[in-house]
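Coordinates in review
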Amino acid sequence: MKAIIPAAGLGTRFLPATRCMPKELLPVLNKPILQYVVEEALEPEGVDGVVIVNSHDKPEIERYFSVDENFENMLRSRGKDSAADEVHAAASLPVSFVYQDEPRGLGHAVHCAAEAVGDEPFFVLLGDYFVPDRQMCVRMEQVSREHNGASVIAVAPVPADQVSRYGIIAGECVGSLPGTDATGENEGAVWKISGLVEKPKPEDAPSHLFIVGRYLLSHRVMDLLATQTPGAGNEIQLTDSMERLLAEEDMYALVVDPDEGCDTGTPVAWAATNARMALSDPELAVAFREELGERGAALLG
Ligand code: G1P
């Protein structure tokens, strides 16, 4: 089974930094954002490869995931073996590429990977967010197994005035993750989905549970995407094809704590994610506080 990561966007929120460098390769500490997402995608047992949906304008992404023996040898000849090992490990990840050269929406991006995923279910991981312990997709796979391999998406509660920024589900709580007794909108609750709507007005939202950006989907979604007409924002929406899938197949949602993951979608969120990743490692945390100095630490309050 493959995991798809859409990465063809322009990165406009990070301009001017992204004028000459893909947003996906911006680092969190010393590792590109995209590598965290790739490593998370490879964590579920069933996943044996990642398909990155790139645009031809960002060849640097493909280069990052390609082995460069000359470069590694140069590092080793200078005694930088652990750096060479890290470069080699990143370049050796099982990643392949397909291309989306027109920005026609998330559904269109996912459909670009139709051939690459073959006849199997697939994961989609949105690249503006990563889960450091990589367990969210693993739990989604667990829920899918419990429900005969059905599609499962991660959802979380969102304040009513923010529903129009997301995909929102309708449904009812039918159980919980094995080993928990969560109900309602609490972390670990499992819902059976009865409807999905992309970016509804607050008065039209069927619940307060939004689609977080982690999907495990039936291959049938690819067939539906092939005939999907544009929806919200005049874009081909993945949510709309999932809504159509409901007429044919059951679909479930796992309620997660979105703070389990780190947001890298805006410069401020990205900066906060860097701080969080530094502070969550005991050794780095000491160095980070030292670097902040008294003035920096005082700013944090
Ligand atoms: C996309 C999805 C939406 C989801 C959101 C999560 O929207 O279409 O359903 O809730 O990601 O970030 P976008 O952020 O691309 O507008």
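Let me begin by describing the structure that accompanies this report. In this text the structure is predicted, and so the values were computed from the model without any measurement.

Between its first and last C-alpha, helix H10 (residues 267-279) extends 18 Å over 13 residues, near the 18 Å set by a 1.5 Å rise per residue. Residues of H10 that are buried: Ala269, Thr273, Asn274, Met277 and Ala278. The elements touched by buried residues of H10 are strand S2 (27-28), helix H1 (33-41), strand S7 (129-130), strand S13 (262-263) and helix H11 (282-300).

As a further point, take the site of the ligand. Contacts to the ligand come from Leu106, Leu126, Tyr166, Gly167, Glu198, Lys199, Ile211, Val212, Tyr215, Gln237 and Thr239. Taking Lys199, its side chain carries an N or O atom lying 2.7 Å from an oxygen atom of the ligand. Per element, the largest residue contribution to the shell around the ligand is three residues, and it comes from strand S11 (residues 209-217).

In this section: helix H7 (residues 136-146). Those residues of H7 not exposed but buried are Met136, Cys137, Arg139, Met140, Glu141, Val143 and Ser144. A positive phi of about 55 degrees marks Asn148, the residue just after H7.

Now for the environment of Pro202. Residue placement: Pro202 occurs in the loop between strand S10 (189-198) and S11. Sequence-wise, Pro202 and Ser164 are 38 residues apart; in three dimensions their C-alpha atoms are separated by 6.4 Å. For Pro202, the contacting residues outside a window of four places in its chain are Ala160 and Val163.

Here the residue pair Leu15 and Pro16 is connected by a cis peptide bond, since its omega of 10 degrees sits within 30 degrees of zero. Secondary-structure assignment places Pro16 in the loop between strand S1 (2-6) and S2. A positive phi angle, near 60 degrees, is found at Arg134, a position not held by glycine. Note that Arg134 resides in the loop between S7 and H7. Phi at Lys199 is positive, roughly 50 degrees, even though this residue is not glycine. Examined against the element boundaries, Lys199 turns out to sit in the loop between S10 and S11.

Quick look at the side chain of Ser241 now. Turning to its location among the elements, Ser241 is positioned in helix H9 (residues 238-245). Leave out the neighbours within four places in its chain, and Ser241 touches Val221, Leu224, Leu225 and Gln228.

What follows concerns the packing of helix H3 (residues 69-77) against helix H4 (residues 81-91). The N-to-C vectors of H3 and H4 enclose an angle of 160 degrees; their axes lie 7 Å apart at closest approach. Classified by the interaxial angle, the pair formed by H3 and H4 is roughly antiparallel. In this structure, the crossing between H3 and H4 has a hand that is left-handed. Contact residues: H3 offers Phe71, Glu72, Leu75 and Arg76, while H4 offers Asp81, Ala83, Ala84, Asp85, Val87 and His88. For the contact of H3 with H4, the class distribution of residues is five nonpolar, one polar and four charged.

What the rule picks out here adds up to 16 salt bridges. A salt bridge links Arg134 to Glu39; the shortest N-O distance between them is 3.1 Å. Here Arg134 is found in the loop between S7 and H7, whereas its partner Glu39 is found in helix H1, with 95 residues between them in sequence. For Arg134, a relative accessible area of 27% corresponds to the partly exposed category. Given a relative accessible area of 15%, Glu39 falls into the buried group. Between Glu43 and Arg134 there is a salt bridge, with its nearest N and O atoms 3.8 Å apart. Within this pair, whereas Glu43 is found in the loop between H1 and strand S4 (49-54), its partner Arg134 is found in the loop between S7 and H7, the two being separated by 91 residues in sequence. Beyond isolated ion pairs, a larger network of salt bridges with shared partners links Lys31, Glu39, Glu43 and Arg134.

A separate point is the nonpolar core. Within the largest apolar cluster, 49 residues are counted, with the highest numbers of intra-cluster contacts made by Val38, Ile52, Phe65 and Phe123. Ranked by residues supplied to this core, first place goes to H1 with six residues. Excluding its chain neighbours within four sequence positions, the residues that come into contact with Phe65 are Leu34, Gln35, Val38, Ile52, Ala90, Ala91, Leu93, Val95 and Phe97. Trp191, Leu209, Leu217 and Met251 belong to the second-largest nonpolar core, a separate cluster that totals 34 residues.

Cut-offs and rules
- Residues numbered from 1 in each chain as written.
- Predicted model: local features only at pLDDT ≥ 70, side-chain atom pairs only at ≥ 80, totals over all residues.
- Heavy atoms only, no water.
- Helix = DSSP H or I, 4+ residues; strand = E, 2+ residues; numbered from the N terminus.
- Expected span 1.5 Å × (residues − 1).
- Buried < 20%, exposed > 50% of the residue type's maximum accessible area, 1.4 Å probe, protein only.
- Contact = heavy atoms within 4.5 Å.
- Near = heavy atom within 4 Å.
- Polar contact = N/O pair within 3.5 Å; in protein donor to acceptor, adjacent residues only side chain to side chain.
- Axes fitted to C-alpha atoms, helices over the stretch in contact; angles between N-to-C directions.
- Parallel < 35°, antiparallel > 145°, perpendicular 65-115°, else oblique.
- Left-handed = near helix turned anticlockwise from the far one by under 90°.
- Nonpolar A, V, L, I, M, F, W, Y, C, P; charged D, E, K, R; others polar.
- Salt bridge = Lys/Arg side-chain N within 4 Å of Asp/Glu carboxyl O.
- Core = buried A, V, L, I, M, F, W, Y, C linked by side-chain atoms within 4.5 Å.

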